[in-house]
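# Notes for the structure review
One-letter residues, chain by chain:
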Amino acid sequence: MTERQPRLVQPVRNGPVLVAGPVRIETPDGGVVESDRFMVAICGCGRSHTYPLCDTSHRRCRG
């Protein structure tokens, strides 16, 4: 059996949650989103049009 390495997760203040990829994300409605990128930005604000992936919508709402 291969030993699994911990996955790096970096929350960004007022931004997305960065997760070292590849990732498989299960959404609340039962859908699945996969990405094979080396780093994946997951929406933390709920404003993204590509939820659960971040599309930088959080930037438009900063005061």
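Structure: above.
Here is a short report on the structure shown in this document. Everything quoted here is computed from the prediction, not taken from an experiment.

Calculation notes
- The numbers attached to residues start from 1 for each chain and follow its sequence in the written order.
- Thresholds applied to this predicted model are a pLDDT of at least 70 for local features of residues and 80 or more for the giving and counting of side-chain atom pairs; totals over whole chains, interfaces and linings are not thresholded and use all residues.
- Excluded from the side-chain calculation are hydrogens and water; included are all heavy atoms of the structure.
- Secondary structure elements are defined from DSSP: runs of H or I of at least 4 residues count as helices, runs of E of at least 2 residues count as strands, and each element is numbered from the N terminus.
- Burial classes follow relative accessibility: with a 1.4 Å probe on protein chains only, a residue under 20% of its type's maximum area counts as buried, one over 50% as exposed, and anything between as partly exposed.
- Here, two residues are considered to be in contact whenever any of their heavy atoms come within 4.5 Å of each other.
- Computed with a 1.4 Å probe, the accessible areas rest on the Shrake-Rupley method; for each residue, only the protein chains presented here act as cover.
- We treat Lys and Arg as the positive residues and Asp and Glu as the negative residues; His and chain ends play no part in the count.
- All charge positions are set by atom: Lys at NZ, Arg at CZ, Asp at CG, Glu at CD.
- Cysteine sulfur pairs qualify as disulfides if the two atoms are within 2.5 Å.
- Two strands pair if DSSP finds at least two bridges between them.
- Here the axes come from fitting lines to C-alpha atoms, over the contacting stretch only for helices, and the angles between their N-to-C directions go from 0 to 180 degrees.

## Some thoughts on the overall build of the protein
Summing up its helical and strand segments, the protein has zero helices and five strands in all. In terms of principal-axis extent, the alpha carbons of the protein reach across some 50 × 25 × 15 Å. Put simply, the protein has 63 residues, and 25% of those count as buried. Summarising the internal contacts of the protein: among those between residues at least 6 apart in sequence, 21% fall at separations of at least 24. Entry remark: accessible area of the protein is about 5200 Å², with carbon and sulfur atoms responsible for 50%. Across the protein, 9 positive and 6 negative side-chain charges occur, with their mean positions spaced 12 Å apart.

## What to know about the state of the cysteines
Within this structure, the stated rule accounts for zero disulfides. The thiol sulfur of Cys43 is not disulfide-bonded, and the nearest other cysteine sulfur, from Cys45, lies at 3.9 Å. Relative accessible area serves as the criterion here: at 32%, Cys45 is assigned to the partly exposed category.

## Regarding the sheet that holds strand E5 (residues 39-42)
With respect to topology, three strands assemble into an open sheet ordered E1-E2-E5, the strand pairing being antiparallel. Two strands in the sheet have a free side with no partner beyond their single neighbour: strand E1 (9-11) and E5. Taking the axes of each pair of neighbouring strands and ignoring which way they run, one obtains an average angle of 20 degrees across the sheet. Note that E1 and strand E2 (residues 17-20) share three bridges and pair antiparallel. Paired with Val9 across the bridge in E2 is Val19.

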